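Topology and contacts: notes
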Amino acid sequence: EDQVTQSPEALRLQEGESSSLNCSYTVSGLRGLFWYRQDPGKGPEFLFTLYSAGEEKEKERLKATLTKKESFLHITAPKPEDSATYLCAVHPSWGYSTLTFGKGTMLLVSP
Amino acid sequence: GAVVSQHPSRVICKSGTSVKIECRSLDFQATTMFWYRQFPKQSLMLMATSNEGSKATYEQGVEKDKFLINHASLTLSTLTVTSAHPEDSSFYICSARDLTARTYEQYFGPGTRLTVT
């Protein structure tokens with residue numbers, strides 16, 4: 001069974017204090033790993049797709065990396081507007097199109 | 001690009017009535033759409049997968065007669081919660097994927113907050 005575990009569950013940072021979120025996964029063949037951002041009361045917003053170990057992607061203050069067992073979302077010099085829940089999901093290489101989501105990391109950045 | 005809309009954003013209904021939620025892909029053709037529900041402080045739980053022109057595939061434990069899904073066109077899927085009860089109150093989110101794009105991202109709508117009184 002595919003599993004996605006995100007840690008920590010919650011993270012409080014001061015503005016400018018860089019940190020990383022972790023997504024560990026167990027999947028029988030990985031077709032893709034996805035990061036989403038979700039604001040309260042909103043649908044998830046797509047951030048990144050990573051397809052193979054060693055791949056990295058960046059967008060503004062966010063950088064996602066992938067190994068064979070986990071992915072990290074690095075947040076550099078965060079701002080209060082980065083506060084949100086960050087969700088990680090995997091798409092196995094078998095099966096149709098369904099994603100398995102982790103429970104998310106709730107990030108709060110204080111000014 | 002890749003914008004998905006949902007309507008309504010909020011709905012309050014009385015127990016026993018039915019509610020229809022629409023999900024539209026605005027700038028791409030969504031051969032596959034997905035319906036999720038999310039309870040407070042929990043992650044998304046997939047309810048069903050719908051493909052244009054065919055019957056939806058429901059996840060285990062989801063009552064297909066209660067949650068009717070129709071994907072009649074390449075840009076529109078609807079979820080109808082029939083005979084709604086308070087326990088159906090939740091945040092319902094749809095997503096869409098364009099298989100022709102040969103990528104696997106799902107793009108999500110803004111969600112619909114359903115409250116059954």
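Look above for the structure.
About the criteria used
- Residues numbered from 1 in each chain as written.
- Chains lettered and ligands numbered in written order.
- Predicted model: local features only at pLDDT ≥ 70, side-chain atom pairs only at ≥ 80, totals over all residues.
- Heavy atoms only, no water.
- Helix = DSSP H or I, 4+ residues; strand = E, 2+ residues; numbered from the N terminus.
- Contact = heavy atoms within 4.5 Å.
- 1 Å grid on protein atoms, 1.4 Å probe; cavity = no way out; pocket = protein on both sides within 12 Å on 5 of 7 lines; lining within 4 Å.
- Points joined across faces, edges and corners; volume = space filled by probe spheres on them.
- Nonpolar A, V, L, I, M, F, W, Y, C, P; charged D, E, K, R; others polar.
- Pairing = 2+ DSSP bridges.
- Axes fitted to C-alpha atoms, helices over the stretch in contact; angles between N-to-C directions.
- Phe/Tyr/Trp six-rings, centres within 6.5 Å; stacked < 30°, edge-to-face > 60°.
- Buried < 20%, exposed > 50% of the residue type's maximum accessible area, 1.4 Å probe, protein only.
- Buried area = accessible area lost by both parts, 1.4 Å probe.
- Salt bridge = Lys/Arg side-chain N within 4 Å of Asp/Glu carboxyl O.
- Polar contact = N/O pair within 3.5 Å; in protein donor to acceptor, adjacent residues only side chain to side chain.

**Here's the deal with the environment of B:Glu52**
With respect to the helices, strands and loops of the structure, B:Glu52 is situated in the loop between β5 (45-51) and β6 (57-58). With near-sequence residues (within four places) excluded, B:Glu52 lies in contact with B:Thr31, B:His71, B:Ala72, B:Ser73 and B:Leu74.

**What to know about the layout of surface pockets**
Over the atoms rolls a probe the size of a water molecule, and its path tells where empty space is left. Volume-wise, the largest pocket comes out at about 1,600 Å³. As for the largest pocket, its lining consists of 49 residues, and the residues nearest its centre are A:Gly102, B:Gln42, B:Ser43, B:Leu44 and B:Met45. Elements represented by at least two residues in the lining of the largest pocket include exactly β1 (3-7), β9 (84-92), β10 (100-101) and β11 (105-110) of chain A together with β4 (32-38) and β5 of chain B. Here the residues of the lining of the largest pocket are counted per class, giving 20 nonpolar, 16 polar and 13 charged. Its volume calculated, the second largest pocket comes out at about 160 Å³. What lines the second largest pocket is A:Arg37, A:Glu45, A:Leu47, A:Lys59, A:Glu60, A:Arg61, A:Leu62, A:Glu81, A:Asp82 and A:Tyr86.

**A closer look at the sheet that holds strand β3 (residues 19-25) of chain B**
All names here are of chain B. Read across the sheet, 4 strands follow the order β1-β3-β8-β7 without closing on themselves; strand pairing throughout is antiparallel. Edge positions in the sheet fall to β1 (4-7) and β7 (67-73), since each has one partner strand and no second. The sheet shows a mean angle of 15° between the axes of neighbouring strands, direction not considered. With 5 bridges connecting them, β7 and strand β8 (residues 76-81) associate as antiparallel partners. Of the residues in β8, the one forming a bridge with phenylalanine 67 is valine 81.

**A word on the packing of aromatic side chains**
Evaluation of the coordinates by the stated rule reveals 9 aromatic pairs over all chains. Look at A:Tyr36 and A:Phe46: their rings are 5.9 Å apart centre to centre, the planes differ by 70°, and that puts the pair in the edge-to-face class. Of this pair, A:Tyr36 sits in strand β4 (residues 30-38) while A:Phe46 sits in strand β5 (residues 45-50), and the two are 10 residues apart along the sequence. Given the relative accessible area of 0%, A:Tyr36 is considered buried. Residues B:Tyr36 and B:Phe108 carry aromatic rings whose centres are separated by 5.4 Å and whose planes lie at 45° to one another, so their mutual orientation is tilted.

**Some details on the side chain of B:Ser90**
Examined against the element boundaries, B:Ser90 turns out to sit in strand β9 (residues 90-97). Look past the residues within four positions of B:Ser90 in its chain and what remains in contact with it is B:Arg37, B:Gln38, B:Phe39, B:Thr112, B:Arg113 and B:Leu114.

**What to know about the environment of B:Ser15**
All names here are of chain B. Relative to the helices and strands, serine 15 is located in the loop between β2 (10-13) and β3. For the pair formed by serine 15 and threonine 117, sequence separation is 102 residues and the distance between their alpha carbons is 5.7 Å. Contact partners of serine 15, with chain neighbours within four places excluded, come to Ala84, His85, Pro86, Val116 and Thr117.

**Notes on the interface of chain A and chain B**
Taken together, the contacts link 21 residues of chain A with 22 residues of chain B. Of the roughly 1,700 Å² buried between chain A and chain B on both sides combined, carbon and sulfur atoms contribute 61%. In this assembly, chain A and chain B are joined by 0 salt bridges. The tally of links from chain A across to chain B stands at 5 residue pairs in polar contact (both at pLDDT 80 or more). Broken down by secondary-structure element, the contributors of at least two residues to the side of chain A that touches chain B are β4, β5 and β9 of chain A. No other element matches the 4 residues that β4(A) contributes to the side of chain A that touches chain B. Partitioning the side of chain A that touches chain B into residue classes produces 10 nonpolar, 8 polar and 3 charged.

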